[in-house]
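A closer look at the structure
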Amino acid sequence: MVEYKIAICDDEKADRDYVLDMVRRWAAKGGHIVHADLFSSGEGFLFHYAEKADYDILLLDIEMGDMDGVTLAKKLRQNNETLQIVFITGYSDYIAEGYDVSALHYLMKPVKEEKLFSVLSRAAEKIARNEKVLTFDVGGEMVRIPIYQIRYAQVQGNYVTIYAGSETTVKMTLGDLAAMLDERFYRVGRSCIVNLTQISRVTKSEIRLSDGTAIPLPRGAYDGVNRAIICLG
């Protein structure tokens, strides 16, 4: 039985309670243990979060008081890439901004139970995948790299450089590395693998990652990258 810590942040009490009831039904149906906390503002959540940043899932209303949900999400993403953020909104105007904070999904109000159940299950799957760690022997030293931290990898000769929290160069083929990864990763041509969740923009000539890295896009690769992003979402 898996335990999840979930935060529900919405300035409307009725909406908080409504979502909480569905979260509890999802947990009961799936045999999960859920510890849920309710917050009426982004500022209130941040104050609590500063003490203990251990939430797995954040169900976040966008239209709130002084601090809206998108602003809160951007602050969280400065030092937390694994928190599964699900936006809840009455409007579709904000969807484009979700790319900036790697939002898992948008749910439109009033939230439908089957939709929330599906998204929570997807969040649980992503949390499980984030626990996977790759281990390499580099110069006699054991290096551990959590998969979720990998932004991209490039091959040069017989070596692959993995760009995660830092750079790690390993003697292996790009194909060998690809076999160790999951559906979040897409091979761009013969020389690069990119983490689809790290992409902020794709043009005909390059992929731009959320940290500003620009990766040249081979001719004819544009449609394949976009299809991969859509299939992942």
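Shown above is the structure to which this text applies.
A brief look at the structure comes next. (Residues numbered from 1 in each chain as written. Predicted model: local features only at pLDDT ≥ 70, side-chain atom pairs only at ≥ 80, totals over all residues. Heavy atoms only, no water.)

A separate point is the sheet that holds strand 5 (residues 105–108). If you walk across this open sheet you meet the five strands as 2-1-3-4-5, and the pairing is parallel. Edge positions in the sheet fall to strand 2 (33–39) and strand 5, since each has one partner strand and no second. Adjacent strand axes in the sheet meet at a mean angle of 20° when their direction is disregarded. (Pairing = 2+ DSSP bridges. Helix = DSSP H or I, 4+ residues; strand = E, 2+ residues; numbered from the N terminus. Axes fitted to C-alpha atoms, helices over the stretch in contact; angles between N-to-C directions.)

As a further point, take the nonpolar core. For soluble globular proteins, nonpolar side chains are generally found buried alongside one another. Counting residues in hydrophobic clusters, the biggest one holds 23 residues, and the most contacted among them are Ile6, Val23, Trp26, Leu59, Leu116 and Leu120. Of all the secondary-structure elements, those providing two or more residues to this core are strand 1 (3–9), helix 1 (13–30), strand 3 (57–61), strand 4 (84–89) and helix 4 (113–130). Of all the elements, helix 4 adds the most residues to this core, at seven residues. When sequence neighbours within four positions are dropped, the list of residues in contact with Leu59 reads Ile6, Ala7, Ile8, Cys9, Val19, Val23, Val86, Ile88, Leu116 and Leu120. By size, the runner-up hydrophobic cluster in this structure holds 20 residues, among which are Cys9, Tyr55, Phe87 and Tyr106. (Core = buried A, V, L, I, M, F, W, Y, C linked by side-chain atoms within 4.5 Å. Buried < 20%, exposed > 50% of the residue type's maximum accessible area, 1.4 Å probe, protein only. Contact = heavy atoms within 4.5 Å.)

Turning our attention to the side chain of Asn195. Take Asn195: it is sitting in strand 12 (residues 192–195). Of the residues examined, Asn195 reaches a relative accessible area of 1% and is grouped as buried. A polar atom in the side chain of Asn195 sits 2.7 Å from the side chain of Thr197. Once residues lying within four places of it in the same chain are set aside, the contact partners of Asn195 are Ile147, Tyr148, Ile150, Arg151, Arg184 and Phe185. (Polar contact = N/O pair within 3.5 Å; in protein donor to acceptor, adjacent residues only side chain to side chain.)

To continue, consider the side chain of Glu206. Mapped onto the secondary structure, Glu206 falls in strand 14 (residues 206–209). The exposure class assigned to Glu206 is buried, which follows from its relative accessible area of 19%. Reaching out from Glu206, the side chain makes a polar contact with the side chain of Arg208 at a distance of 2.9 Å. Look past the residues within four positions of Glu206 in its chain and what remains in contact with it is Arg201, Ala214, Ile215, Pro216 and Leu217.

Time to look at the environment of Ala27. Within the fold, Ala27 resides in helix 1. Considered as a pair, Ala27 and Ile145 are 118 residues apart in the sequence and their alpha carbons are 31 Å apart. Apart from residues lying up to four places away in sequence, Ala27 is in contact with His32 and Val34.

Under the 1.5 Å per step criterion, the end-to-end length of helix 4 is 26 Å for 18 residues, consistent within 8% with the ideal 26 Å. Among the residues of helix 4, Leu116, Phe117, Val119, Leu120, Ala123, Ala124, Lys126, Ile127, Arg129 and Asn130 are the ones counted as buried. The secondary structure elements touched by the buried residues of helix 4 are strand 1, helix 1, strand 3, strand 4 and strand 5. (Expected span 1.5 Å × (residues − 1).)

By the element assignment, Phe87 lies in strand 4. The sequence separation of Phe87 and Ala103 amounts to 16 residues, and the corresponding C-alpha distance is 7.1 Å.

The subject of this paragraph is the packing of helix 1 against helix 4. Two numbers describe a pair of packed helices, the interaxial angle and the distance between the axes. Axis separation between helix 1 and helix 4 bottoms out at 10 Å; the angle between their running directions is 60°. Taken together, the axes of helix 1 and helix 4 lie oblique to each other. The chirality of how helix 1 crosses helix 4 is right-handed. Packed against helix 1, whose contacting residues are Val19, Met22, Val23, Arg25, Trp26 and Lys29, the element helix 4 presents Glu113, Leu116, Phe117, Leu120, Ser121 and Ala124 at the interface. When its residues are assigned to classes, the contact of helix 1 with helix 4 shows eight nonpolar, one polar and three charged. (Parallel < 35°, antiparallel > 145°, perpendicular 65-115°, else oblique. Left-handed = near helix turned anticlockwise from the far one by under 90°. Nonpolar A, V, L, I, M, F, W, Y, C, P; charged D, E, K, R; others polar.)

Remember that the coordinates give geometry; whether it matters functionally is a separate question.
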